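This is what each chain is made of:
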Amino acid sequence: MPAEERPAGRDVDAVPPAAVLFDMDGTLIDSEKVWDRSLVEVLRWLGGTDLSAQARRETLGGNLRNSLAIVFREAGVVQTPELADQATRRLVGRTAEMFEGGLPWRPGALTALRTVREAGLATALVTNTGRYLTDKALVGIGVEHFDVTVCGDEVPRGKPAPDPYLRAAALLGLAPEDCVAVEDSPTGIAAAEASGATVLAVPCEVPIPPGPGRVVRPTLEGLTATDLAAAHREVREQQAA
Ligand SMILES: [Mg+2]
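Everything numeric here is computed off the predicted structure, so don't read it as measured data.

## Description of helix 7 (residues 163–172)
Moving on, step 1. Turning to helix 7, its buried residues number three or more, namely Asp 163, Pro 164, Tyr 165, Ala 168, Ala 169 and Leu 172.
Moving on, step 2. Where helix 7 is buried, its residues touch strand 1 (19–22), strand 2 (122–126), strand 3 (148–150), strand 4 (179–183) and helix 8 (186–195).
Moving on, step 3. Gly 173 lies just past helix 7 and shows a positive phi near 75 degrees.

## Digging into the sheet that holds strand 3
Moving on, step 1. The strand order across the open sheet formed by six strands is 3-2-1-4-5-6, and the pairing between neighbours is parallel. Both outer strands of the open sheet, strand 3 and strand 6 (214–216), are each paired with one neighbouring strand and no more. When strand polarity is set aside, the average angle formed by the axes of neighbouring strands in this sheet is 20 degrees.
Moving on, step 2. Across four bridges, the pairing between strand 4 and strand 5 (residues 198–201) is parallel. Counterpart to Ala 181 in the pairing with strand 5 is Val 199.

## Some points on the environment of Leu 103
Moving on, step 1. Mapping Leu 103 onto the fold places it in the loop between helix 4 (81–100) and helix 5 (109–118).
Moving on, step 2. For Leu 103, a relative accessible area of 17% puts it in the buried group.
Moving on, step 3. Once you skip the residues sitting within four places of it in the chain, Leu 103 turns out to touch Ile 29, Ser 31, Val 34 and Ala 137.

## Here's the deal with the layout of surface pockets
Moving on, step 1. The volume enclosed by the largest pocket comes to roughly 840 Å³.
Moving on, step 2. Surrounding the largest pocket, 41 residues form its lining, Gly 62, Asn 63, Leu 64, Arg 65 and Asn 128 being those nearest its centre.
Moving on, step 3. Among the secondary structure elements, those contributing two or more residues to the lining of the largest pocket are helix 1 (32–45), helix 2 (53–59), helix 3 (64–75), helix 4 and helix 6 (131–141).
Moving on, step 4. For the lining of the largest pocket, the per-class residue count stands at 12 nonpolar, 15 polar and 14 charged.

## Topic: the pattern of salt bridges
Moving on, step 1. Counted under the stated rule, the structure contains 19 salt bridges.
Moving on, step 2. The residue Arg 56 makes a salt bridge to Asp 36 at a minimum N-O spacing of 2.7 Å. Of the two residues, Arg 56 sits in helix 2 while Asp 36 sits in helix 1, which places them 20 residues apart along the sequence.
Moving on, step 3. Since its relative accessible area comes to 27%, Arg 56 is described here as partly exposed.
Moving on, step 4. One salt bridge connects Asp 135 with Arg 131, and the closest N-O pair in it is separated by 3.2 Å. Of this pair, Asp 135 and Arg 131 both sit in helix 6, four residues apart, roughly one helical turn.
Moving on, step 5. Each of Asp 23, Lys 159 and Glu 183 takes part in a single network of salt bridges with overlapping partners.

## Details of empty space enclosed by the protein
Moving on, step 1. Per the counting criterion, the structure on display carries one cavity of 30 Å³ or more.
Moving on, step 2. Here the largest cavity is characterised by a volume of approximately 40 Å³.
Moving on, step 3. Taken together, Gly 26, Thr 27, Arg 106, Pro 107, Val 202, Thr 219 and Leu 220 form the lining of the largest cavity.
Moving on, step 4. For the lining of the largest cavity, the per-class residue count stands at three nonpolar, three polar and one charged.

## Some words on the domain arrangement of the chain
Moving on, step 1. Domain annotation of the chain identifies domain 1 (3–31 + 104–240) and domain 2 (32–100).
Moving on, step 2. Between the C-alpha centres of domain 1 and domain 2 there is a distance of 27 Å.
Moving on, step 3. Both faces considered, domain 1 and domain 2 share a buried interface measuring about 1400 Å² in area, 62% of it formed by carbon and sulfur atoms.
Moving on, step 4. When the buried area of domain 1 at its contact with domain 2 is split by residue, Ser 31, Leu 133 and Lys 136 rank highest and sum to 37% of it.
Moving on, step 5. For the interface between domain 1 and domain 2, the tally reads three salt bridges.
Moving on, step 6. Note that Glu 205 is salt-bridged to Lys 33, the shortest N-O span being 3.5 Å.
Moving on, step 7. Seen at the junction of domain 1 and domain 2, the total is eight residue pairs in polar contact (both at pLDDT 80 or more).
Moving on, step 8. Counting residues per element, the side of domain 1 that touches domain 2 draws most heavily on helix 6, at four residues.
Moving on, step 9. Grouping the constituent residues of the side of domain 1 that touches domain 2 by class yields five nonpolar, six polar and five charged.

The rules behind these values
Residues numbered from 1 in each chain as written. Predicted model: local features only at pLDDT ≥ 70, side-chain atom pairs only at ≥ 80, totals over all residues. Heavy atoms only, no water. Buried < 20%, exposed > 50% of the residue type's maximum accessible area, 1.4 Å probe, protein only. Helix = DSSP H or I, 4+ residues; strand = E, 2+ residues; numbered from the N terminus. Contact = heavy atoms within 4.5 Å. Pairing = 2+ DSSP bridges. Axes fitted to C-alpha atoms, helices over the stretch in contact; angles between N-to-C directions. 1 Å grid on protein atoms, 1.4 Å probe; cavity = no way out; pocket = protein on both sides within 12 Å on 5 of 7 lines; lining within 4 Å. Points joined across faces, edges and corners; volume = space filled by probe spheres on them. Nonpolar A, V, L, I, M, F, W, Y, C, P; charged D, E, K, R; others polar. Salt bridge = Lys/Arg side-chain N within 4 Å of Asp/Glu carboxyl O. Domains from an automatic or database assignment. Buried area = accessible area lost by both parts, 1.4 Å probe. Polar contact = N/O pair within 3.5 Å; in protein donor to acceptor, adjacent residues only side chain to side chain.

Structure follows, in structure tokens:
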């Protein structure tokens with residue numbers, strides 16, 4: 001429509017972001033439930049019974065070391081290097097078995113990946129999960145969807161630190177401010193926002209409140225390149241105001 005007929009304050013020609021950076025667990029695939037199952041198995045091996053609701057929230061989107069510390073705390077067991085080692089092997093082994101068995105997509109996630117590709121935007125997978133398990137999950141997800149992949153064990157600090165997002169943007173040769181990050185958890189959103197990227201929050205296990213660095217969307221179903229551009233513009237405008 002001619003510019004003079006556009007609704008005030010809305011730019012229908014919003015410029016798309018240069019890249020879309022996708023979180024994996026809970027955003028693309030419903031793997032948080034797998035993690036939950038393997039963490040509970042380790043907890044029981046340590047003599048505990050079940051994770052509290054608070055502990056579950058704390059492990060969402062977190063890294064392996066933090067999640068294990070929470071499991072030890074919940075079990076009331078002091079973490080020794082030997083026990084931590086055994087627990088890590090159990091946790092990774094069980095999770096790998098379940099990842100290899102195939103992971104269910106989050107609603108609309110596969111179509112969203114294809115949509116972003118077809119729109120000609122660069123893409124990255126940015127996960128706190130380590131390379132070993134990520135590569136197992138990528139067999140099912142399809143590594144061809146991504147220009148680059150960054151894992152939690154390839155950066156100095158995992159999410160909620162911005163490092164994984166900063167590294168993904170650097171590998172793509174882009175400023176984080178020109179990217180949209182798609183995230184489901186408070187931990188991942190904190191990381192993406194700290195990097196300077198626009199966040200498209202698609203809640204999975206816990207609700208996500210609105211915030212200045214993000215646009216919240218109930219699902220990835222029906223996501224278009226225009227939606228991404230609009231979200232990017234909205235956040236940039238909020239931050240400039
Ligand atoms: Mg996640």
